[in-house]
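# Examining the three-dimensional arrangement
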Amino acid sequence: MLRAAVVDDSEELVSAVIADFSPVAIHDLAERPLPPGGLWDPTYPPIPDPPPTPLHWNVCFSDARERDSAAAAIRASLPHLSVESVDLPDEDWAARSQAALKAVHAGRFIVAPPWDLPAEDVAATVIVIEPSMGFGTGHHATTRMCLRLLSEIDVADATVLDLGTGSGVLSMAAALMGKSSVVGIDIDQDAIDSAETSARLNTLPDTLAFQVLDFRNDAPKPADLVLANLTGGMLTSSAASMAALVRPGGQMILSGFDHTEVDRVVAGFAGFTEAERLTEDNWIALLLHR
Ligand code: SAH
């Protein structure tokens, strides 16, 4: 492995030089703080481009010869870069490079990237997600809790509406559970594109549709089950219009907020009964009945 660090933005040059030596994994260790409201809250103003982050990479190669040739090439073309060669045991780099990209278990589901598919006979419903900019790879506590709550619901003939579908993970999960008709909407065209890409990797019923839509401006058709993994702010300010999207006798799964916000969210959905509350890493998910 190579440890590379530099304080300007020569990232593209470094990756161009390293690319000639077939690295097996590149880990970017630079810290990039999240803006307030997270990356997916459109109620905040557009996020300005971040300032150039100091480059801080660990790069793994399959053998030491390749690594040392890459180090020599970097030192020759980018002398101001600090580069250090480190030997790792075989399993170690493999474990590190795959850690962030592994399949994740939640309730009756496994969310898996295409390169970490579980065995065919696994006793779980597998959702394949192509990791991209779209939120919802199963690596966030709120997505996992929504999947856990969804696992317990009988959606066989229900209609399902997924507000803020992101990668499409919750919509696909609901579609795989039964004959339900599912609509996943998102304000963001890129999210819908990534949801459609992932949908092609799964064998889904044709009762699932994705659509670019802001539910605050354009009300979708009400459904028996409404899923909304958004933000505490949006759930509170749009509670009335969201509640109107749940059919009488229907249910909601809400997440995307923490302990400091939960009381305001619950108060916004005063016409509902709280059936279950999950907590993970300070995040909360609720199952509400109408
Ligand atoms: N449902 C996924 C993704 C949640 S991230 C999961 O559980 O992992 C929240 C998503 O909501 C983002 O993709 C964001 O673009 C979308 N979103 C935020 N406000 C919205 C709105 N008013 N209407 C539709 N989508 C919205």
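We now turn to the structure provided with this report. (Residues numbered from 1 in each chain as written. Predicted model: local features only at pLDDT ≥ 70, side-chain atom pairs only at ≥ 80, totals over all residues. Heavy atoms only, no water.)

## Some points on the overall build of the protein chain
Put simply, the rule reads: Only DSSP runs of H or I reaching four residues or more are called helices, and only runs of E reaching two or more are called strands; each is numbered from the N terminus. A 1.4 Å probe rolled over the protein chains alone gives each residue an accessible area, and that area as a share of the maximum for its type sets the label: buried under 20%, exposed over 50%, partly exposed in between. Any two residues having at least one pair of non-hydrogen atoms within 4.5 Å are treated as being in contact.
Scanning the protein chain for helices and strands turns up 9 helices and 14 strands. The burial tally for the protein chain puts 43% of its 290 residues in the buried class. Taking the contacts inside the protein chain whose residues are at least 6 apart along the sequence as the reference set, 67% of them involve residues at least 24 apart.

## Looking at the side chain of S167
Selection rule: As used in this structure description, the phrase polar contact means that two N or O atoms lie within 3.5 Å; if the pair is within protein, one of them must be able to donate a hydrogen and the other to accept it, and residues adjacent in sequence are counted only when both atoms belong to side chains.
Of note, S167 is situated in the loop between β8 (159–163) and α5 (169–177). The exposure class assigned to S167 is buried, which follows from its relative accessible area of 3%. In this structure the side chain of S167 is engaged in a polar contact, spanning 3.4 Å, whose partner is the backbone nitrogen of V169.

## Notes on the pairing of strand β14 (residues 283–289)
Heads up, the rule is: Here, strands pair whenever DSSP counts at least two bridges between them.
Taken across its 7 residues, β14 has 5 buried, putting it largely inside the fold. Relative to β14, strand β13 (residues 273–280) runs antiparallel, the two being bridged by 7 bridges. Within β14, the position partnered with T273 by the bridge is H289. Count of turn residues in the β13/β14 antiparallel hairpin: 2 residues, of which D281 carries a positive phi of about 50 degrees.

## Things to note about the nonpolar core
The condition that has to hold: To qualify as a nonpolar core, a set must consist of buried Ala, Val, Leu, Ile, Met, Phe, Trp, Tyr and Cys residues joined through side-chain atoms within 4.5 Å.
With 33 residues, the main nonpolar core has I127, L147, L150, L225 and I253 as its most contacted residues. When near neighbours in sequence (up to four residues on either side) are disregarded, I253 contacts C146, L149, L150, I153, L225, V226, L227, A228, L286 and L287.

## So, the site of the ligand
How we decide: For each residue, the test is whether any non-hydrogen atom lies within 4 Å of the molecule or strand; if one does, the residue is near. Methods summary: accessible areas were calculated by the Shrake-Rupley approach with a probe of 1.4 Å, and residue burial reflects only the protein chains presented. Three residue categories are used. Nonpolar comprises Ala, Val, Leu, Ile, Met, Phe, Trp, Tyr, Cys and Pro, charged comprises Asp, Glu, Lys and Arg, and polar comprises the others, including Gly.
The full set close to the ligand counts 20 residues, and T143, G164, D186, D214 and N229 are the nearest of them. Side-chain polar atom of R216 to a nitrogen atom of the ligand: 3.3 Å apart, as the coordinates give it. Compared with its free state, where it exposes 580 Å², the ligand has 97% of that area covered by protein. In terms of residue class, the shell around the ligand is made up of 10 nonpolar, 6 polar and 4 charged.

## Considerations on the environment of L245
Within the element layout of this structure, L245 appears in the loop between α8 (239–243) and β12 (246–258). For L245, a relative accessible area of 4% gives the class buried. As a C-alpha pair, L245 and L161 span 84 residues in sequence and 8.4 Å in three-dimensional space. Sequence-distant contacts of L245, defined by excluding residues within four places in its chain, comprise L161, L163, A219, P220, P222, A223 and V226.

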